Amino acid sequence: MKSSSDLYSFASINKTLTAVTIELNTSCNWRCKHCYIDDFSYEYELSIQVLDKLFQDLRAMGVVDILLTGGEMFMRKDIVDILKLARSYFFDVSLFTNVSLIDIEKIKAIKELFIDHISCTLFSLDECIHDNVTGVKGSLQKVLNNLNLLRVNNINVEVKHIITNLNQNEYEKIVEYCNLMGFKYRLTPTIWSKRDNDREPLNFKVSEDYLRENILKIDDLRNTTIVKKTDDLYICNATRYSCSILANGDVNPCTNLNVKIGNILENNIRSIRENSEYLNWVQNLKWSVLNECKTCDVSEYCMRCGGISLIEHGDLLTCNKFENTVARIRSEKECGIKRNVKVGSTIC
Amino acid sequence: MTGNTRFYFKNHLVWQVEPVSQTAYIMSKKNDASYLFDNAEKDIWLMIYSKCTFDEMIVELNRKYDVLKEQLEKDVKAFLDDVLKEDLIYEIF
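Values in this document were obtained by computation on a predicted structure and should not be read as measured data.

Draft legend 1. A look at the overall build of chain A. When helices and strands are counted, chain A shows 14 helices and 11 strands. Here the C-alpha atoms of chain A give a radius of gyration of 20 Å, agreeing with the 20 Å that 2.2 N^0.38 yields for 348 residues. Classification of the 348 residues of chain A by burial places 40% in the buried group. In chain A, the share of contacts with a sequence separation of at least 24, taken over all contacts with a separation of at least 6, comes to 71%.

Draft legend 2. Region of the structure containing the overall build of chain B. The helix and strand inventory of chain B stands at three helices and five strands. Taken from N to C terminus, the helices and strands of chain B fall in the order β-β-β-β-α-α-α-β. Relative to its length of 93 residues, chain B is compact, with a C-alpha radius of gyration of 13 Å against a globular reference of 12 Å. Looking at the 93 residues of chain B, the share that counts as buried comes to 19%.

Draft legend 3. Just the interface of chain A and chain B, in detail. On the chain B side, the residues contacting the 13 residues of chain A number 17 residues. Counting residues per element, the side of chain A that touches chain B draws most heavily on helix α1 (residues 7–14) of chain A, which supplies three residues.

Draft legend 4. Up close: the confidence of the model for chain B. Mean pLDDT over chain B works out to 95, with 100% of the residues at or above the 70 mark. On the interface metric, ipTM, the complex scores 0.94, and its pTM is 0.92.

Draft legend 5. Spotlight on the pairing of strand β2 (residues 13–17) of chain B. Residue and element names in this part refer to chain B. The pairing of β2 with strand β3 (residues 24–28) spans five bridges and is classified as antiparallel. Bridge pairing in β3 links Leu13 to Ser28. Turn length for the β2-β3 hairpin, with the two strands adjacent in sequence and antiparallel, is six residues, and the turn residue Gln22 shows positive phi of about 60°.

Draft legend 6. Representation of the sheet that holds strand β10 (residues 262–263) of chain A in the model. All names here are of chain A. Pairing is mixed across the open sheet formed by nine strands, whose spatial order is β6-β5-β4-β3-β2-β1-β8-β9-β10. Edge positions in the open sheet fall to β6 (184–188) and β10, since each of these has one partner strand only. Here four bridges tie strand β4 (residues 117–121) to strand β5 (residues 157–162), and the two strands are oriented parallel to one another. Note that in β5 the partner of Thr121 across the bridge is Lys160.

Criteria and cut-off values
- Residues numbered from 1 in each chain as written.
- Chains lettered and ligands numbered in written order.
- Predicted model: local features only at pLDDT ≥ 70, side-chain atom pairs only at ≥ 80, totals over all residues.
- Helix = DSSP H or I, 4+ residues; strand = E, 2+ residues; numbered from the N terminus.
- Rg over C-alpha atoms; globule rule 2.2 N^0.38 Å.
- Buried ≥ 20, exposed ≤ 12 C-beta atoms within 10 Å, placed from the backbone.
- Contact = placed C-beta atoms within 7 Å.
- pLDDT = per-residue confidence, 0-100.
- Pairing = 2+ DSSP bridges.

Written out as structure tokens, the structure reads:
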């Protein structure tokens, strides 16, 4: 390794686990209409003892980045102790939270612990729209108040804007707000079914007409980079260096790939990753196995994700219809996306 | 810095040893800077993690590397001074 930027390319080549997403709990104070959590009545959470053992294992495996998520992690009374524990292992820790439950004491702890950044979702700056998505009256005001506190305390914030048909005309105002506040802005029109395959969230996807009108702007805001497809391209590269651990202990190969390969309450994470035939299979899948994609006339514009294909169509290797639609629109518009095409070894 | 001095990592660090290359990767969240340590530097870094004193580091490194003890002490002190200056560690006498 010659520079720190080599870390992830090294990890991909060597299949070194480097980044892990850990779902601390499933309980949440919001009920977002597009959320993939299928049942909030099961309130799973990983105990601090389990997390300590997990952190020890991850440390020994070479993990650098930990993304903690939920549910809503700040519903846990021991959340600051968990953050302290994670940082005591010198991980680079980021938080994905709706920020509605943080307060000045928690912000102080976040700052003192050198948490890398907080990532949150903002659906609109209009209270009616935002609160309609979250299902909680007053949720926007709480978020804005706490985002202001985070800014005052110089904590890095990334605002994620999930575009659904409930808030599809809001992105320009949110971009302006983020620029004003010094926050990073990310957006995505991608939503998927619930974990139990209930397709209800898909009702909130933006329409094809909307994409046709807006995809160039969205691609520009996302700084979209589409990798040139070659036969030796890994199609699920993220599974080579990352994984996702759910609040019930289940281990998935990737945040988007909802396939259980083991459970940390029954086995340690190293053993799960080393002995999973499914993980080994998916890690080594290359572009050459995607028969539909190889003959598709818009594949050069496509950002397919195997995990989403599996959720939406039951087959990791099949065409993802939503991404195909987006790719076709890009292709029809002969958009400037071609300028961003790069040769790479990975898709995701 | 004396023979009994121990060193501790600052709480703003992120660090890990890359398992294949065995390079120690250190990132300062306070100064937004990163560092890579190999070979003897990495050994010293891991001995800091193990809470070795300066003298214990010298004994251990003397076993591993064919270098005169005086030179070793000078080199180790220089490295520790550098990382102290970079605010990556602090010392307790």
